[in-house]
Amino acid sequence: LEELWAFNTEEVARAIFDSRLPVVSAVGHETDFTIADLVADLRAPTPSAAAELVAPSRIELERKCHSLQNRLIQGAVQNLRTKQERVRGSAGRNFIQALQSTTVVHKQEVKLLSLRLTQGIQAVQESARTKMRILAGKLDALSPLAILKRGYSLCRFPQTGQLIRSSHQVREGDLLEVILGEGGLSCQVKETKEGACGKSRSSA
């Protein structure tokens, strides 16, 4: 509760409410709930879930773009065929010549539309890839493994997996497990210290 209390303050709640940009709240774990979750535009249970909600699937975007491209081409071809049938039903050489001219024009229009659509699909795909790279970088920076690789470590009881945040949680002789950026250590407590200066204290 103490670690999440910053997201229950009035200042944070008002800042989220007054934000002109959409805000996705993904604080703590799935069971954690704060005032920030109530004020945000969208709540995600975890940061990973927030990334999936914000960044749509690249495969889904490509599928929609291909579907729009096919529908556009089919519509243009059908429109051209309809006009051809109308002209064929009309008598006179002038109509036939006009048909040929119109066919050429429409073929050019279809090619131009197809080119523009292809360019638009490429732009959408590139934008999606860029967003995915940015989100992946942010998630990697927040990853516990990345923090460990910077020289930090986690200390816990091997039997229960409970993390140790204070020297008051352990006693001399306790067996502990230390998780490093690469590998880990099995340690036994010889002495406990308290405070930022590491003042020794006797075991209970």
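This is a predicted model, so every value here is computed, not measured.

(A) Just the overall build of the protein chain, in detail. A tally of helices and strands in the protein chain yields 6 helices and 7 strands. Reading the protein chain from its N end, one meets helices and strands in the order α-β-α-β-α-α-α-α-β-β-β-β-β. The contacts of the protein chain with a sequence gap of at least 6 include a subset with a gap of at least 24, amounting to 34%. When the accessible surface of the protein chain is split by element, carbon and sulfur atoms take 56% of a total near 15600 Å².

(B) Quick peek at the pattern of salt bridges. Per the stated rule, a full pass over the model turns up 7 salt bridges. A salt bridge links Arg165 to Glu3, with the shortest nitrogen-to-oxygen separation between them at 3.7 Å. Here the residue Arg165 occupies a position in the loop between strand E3 (154–156) and strand E4 (175–179), and Glu3 occupies one in the segment before helix H1 (10–18), the gap between them amounting to 162 residues. As far as burial versus exposure is concerned, Arg165 and Glu3 are alike and both exposed. The residue Arg14 makes a salt bridge to Glu10 at a minimum N-O spacing of 2.8 Å. Taken together, the residues span about one helical turn, with Arg14 and Glu10 both in helix H1 at a distance of 4 residues. Judged by relative accessible area, which is 52%, Arg14 ranks as exposed.

(C) Up close: the pairing of strand E5 (residues 184–188). Bridge analysis of E4 against E5 gives 5 bridges, and the strand direction is antiparallel. Across the sheet, the residue bridging to Leu176 is Cys187, located in E5.

(D) Broad picture of the sheet that holds E5. Read from one edge of the open sheet, 3 strands run E3-E4-E5, paired in antiparallel fashion. Edge positions in the open sheet fall to E3 and E5, since each of these has one partner strand only. If you compare each strand with its neighbour and ignore which way they point, the axes differ by 25° on average. Sheet topology places E3 next to E4; 3 bridges connect them, and they run antiparallel. Each residue of the ladder has a partner; that of Leu154, found in E4, is Ile179.

(E) Here's a closer look at the side chain of Asn8. The topology assignment puts Asn8 in the segment before H1. At 2.9 Å, the side chain of Asn8 and the backbone nitrogen of Ile35 are in polar contact. Setting aside anything within four residues of it in sequence, one finds Asn8 in contact with Leu1, Thr34 and Ile35.

(F) Geometry of the confidence of the model for the protein chain. In the predicted model, the protein chain carries a mean pLDDT of 81, and 86% of its residues have values of at least 70. Averaged over each element, pLDDT in the protein chain is lowest for strand E7 (residues 199–201) (56) and highest for H1 (93).

(G) Just the environment of Thr31, in detail. Counting through the fold element by element, Thr31 comes out in the loop between strand E1 (24–25) and helix H2 (35–39). For the pair Thr31 and Thr46, spaced 15 residues apart in sequence, the C-alpha to C-alpha distance is 9.5 Å.

So, how was this worked out
Residues numbered from 1 in each chain as written. Predicted model: local features only at pLDDT ≥ 70, side-chain atom pairs only at ≥ 80, totals over all residues. Heavy atoms only, no water. Helix = DSSP H or I, 4+ residues; strand = E, 2+ residues; numbered from the N terminus. Contact = heavy atoms within 4.5 Å. Areas by Shrake-Rupley, 256 points an atom, 1.4 Å probe, with all protein chains shown as cover. Salt bridge = Lys/Arg side-chain N within 4 Å of Asp/Glu carboxyl O. Buried < 20%, exposed > 50% of the residue type's maximum accessible area, 1.4 Å probe, protein only. Pairing = 2+ DSSP bridges. Axes fitted to C-alpha atoms, helices over the stretch in contact; angles between N-to-C directions. Polar contact = N/O pair within 3.5 Å; in protein donor to acceptor, adjacent residues only side chain to side chain. pLDDT = per-residue confidence, 0-100.

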